[in-house]
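Here are the chains, one letter per residue:
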Amino acid sequence: MATVRLEPELATPVRTPRAVAVAWGLLILNTLGSTGAQTVIPFPRSVMQLVTMGSLVIAFAIALVLNLRLRIRPSAYLLLLTLLLVVSIVSSLHLESGLGALFRCFRLSLFVSTLWLLTRWWDGGFTFVRHHIRAYGVVLVTVAVGLVIAPGKALPAIYGGRLSGAVWPLTPPQVAQYAAVIAGLALLLWLGRRTDRKSALIVAIPAIGLLMLTHTRTATLGLIIGLLVAIGSLTLTNARARKVFTALLLLAGFSAIALGSLLQTWFLRGQSQDNFSTLTGRAKVWDALLSAPRSVSDSLFGVGLGDKSYNGLPIDNSWLAVFHEQGYVGVLLVAAFLLVLVFVALLRPPSLARACALFLITYCISASYTEAGLGDASPYLLHLAVAASLLATPSRETT
């Protein structure tokens, strides 16, 4: 019988198999979802769900085959995420959210298990950063292709002309999130001399262009704040970082003064001041959720994993979505794994790996206010997994 072994730190570095990139790409495919704008070729939702769920099963199988001896590395992030999974199962067993809650728990179980199996190759290096950029780069290429071949579907009126996925159904916030994350990581790799300027710009410029077409405030602010935190962490040890950080501050000040009205128009997206102040109606859903009566059990453990909605309306807030589905216990666990990642990052000496991790952590925290995803299998948990891999100590194994 196979036994779980913690990875020792001995003499020979662990080589990352190429199949790990395939498993990571399949995890990303699983988190893309199956709803969004109309696509060029309409696929039944059942087919989309089969593809996304099948990708997770295959990712788990690949990770298991690559790590048959079940060598895993200690990870406080994944330990707390596993505890969140246990809470999710406990709350879902009451079936308040229907049988779908148990299916979502099964999906989260496979998701977390696959991450545990892949920890064998978490070594503080940039392997998973590159896998992340390449996989999401492919996703954004499909968005760009959809924009070229079907601009009407890629910029639909239902989203107010904001860019969405016309090849694979992706909402504007999804497109913006992927674009912001890979643009930020590519720029940081250039800053740390891990890639050349041409390669970084080939990724960052189109990604930022797509981000602007989505008119997504959350992702834009997340990118800016994340880069400021990440680059700021390098200013004491990196001359290029000091120059870029100063340039960013000057650019931000100039933009606020000279382009204030233009930026205000872009951020308002044609919305009324009332609609903007209520965060496109989100605040009304939040107020209704918080004012609803709850039993002690529901308050502590939630109603079980659902579709991150309340009364048929999206919650669009990670903290309230976790509170609704996993209760106060779930909120504490999410806060705990974020704080652990921040604490570990702050204990590390200044480095590019730490800067990339801080960027991803900061982005996820910034986005958590207006987007859900920290309590279930999602791109946000993958971003944080990449951050955890960057903060891991170099891995060693016997030959």
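The rules behind the values
Residues numbered from 1 in each chain as written. Predicted model: local features only at pLDDT ≥ 70, side-chain atom pairs only at ≥ 80, totals over all residues. Heavy atoms only, no water. Helix = DSSP H or I, 4+ residues; strand = E, 2+ residues; numbered from the N terminus. Buried < 20%, exposed > 50% of the residue type's maximum accessible area, 1.4 Å probe, protein only. Areas by Shrake-Rupley, 256 points an atom, 1.4 Å probe, with all protein chains shown as cover. Lys, Arg positive; Asp, Glu negative; His and termini not counted. Salt bridge = Lys/Arg side-chain N within 4 Å of Asp/Glu carboxyl O. Expected span 1.5 Å × (residues − 1). Core = buried A, V, L, I, M, F, W, Y, C linked by side-chain atoms within 4.5 Å. Contact = heavy atoms within 4.5 Å. pLDDT = per-residue confidence, 0-100.

Moving on, we get to the overall build of the protein chain. Within the protein chain one finds 17 helices and six strands. The proportion of buried residues among the 399 residues of the protein chain is 49%. Summed over its atoms, the accessible surface of the protein chain is roughly 18000 Å², and 69% of this surface lies on carbon and sulfur atoms.

Quick look at the side chain of D298 now. Position of D298 among the secondary structure elements: in helix α14 (residues 296–301). For the buried residue D298, which engages in no salt bridge, the nearest side chain bearing the opposite charge is R294, 5.4 Å off.

Below, the discussion takes up helix α16 (residues 352–367). Between its first and last C-alpha atoms α16 spans 22 Å; for 16 residues at 1.5 Å apiece the expected length is 22 Å, and the two agree. Judged by how many residues are buried, α16 sits mostly within the fold: 14 of 16 residues are covered.

What follows is about the nonpolar core. Grouped together as the largest cluster of nonpolar side chains are 102 residues, with contacts concentrated most on W24, Y77, F111 and F337. Among residues more than four places away in sequence, those in contact with Y77 are F337, L341, L381, L384, A385 and A388. Judged by nonpolar contacts, the second largest core, of nine residues, contains L289, L320, A321 and F323.

To continue, consider unusual backbone geometry. A positive phi angle is found at L70, which is not glycine, with a value near 55 degrees. Relative to the elements of secondary structure, L70 occurs in the loop between α2 (45–66) and β3 (71–72). Overall, the relative accessible area of 19% leaves L70 in the buried class. Non-glycine residue D316 carries a positive phi angle of around 55 degrees. With respect to the element layout, D316 can be found in the loop between β5 (313–314) and α15 (318–347). Judged by relative accessible area, D316 falls into the partly exposed class, the value being 24%.

Attention shifts here to the environment of L391. Checked against the element boundaries, L391 lands in helix α17 (residues 379–391). Taking the relative accessible area as the measure of exposure, L391 reaches 5% and is therefore buried. Measuring from C-alpha to C-alpha, the distance between L391 and A355 comes to 10.0 Å, with 36 residues separating the pair along the chain. Leaving out residues up to four positions away in the same chain, L391 has contacts with L341, V344, A345, R348, R354, A357 and I361.

As a further point, take the confidence of the model for the protein chain. This prediction gives the protein chain a mean pLDDT of 88; 88% of its residues lie at or above 70. Confidence, read as mean pLDDT per element, is least for strand β1 (residues 5–6) in the protein chain (50) and greatest for α17 (97). When the criterion is pLDDT under 50, residues 6–12 qualifies, and its contacts beyond four places in sequence or with other chains add up to 23 contacts.

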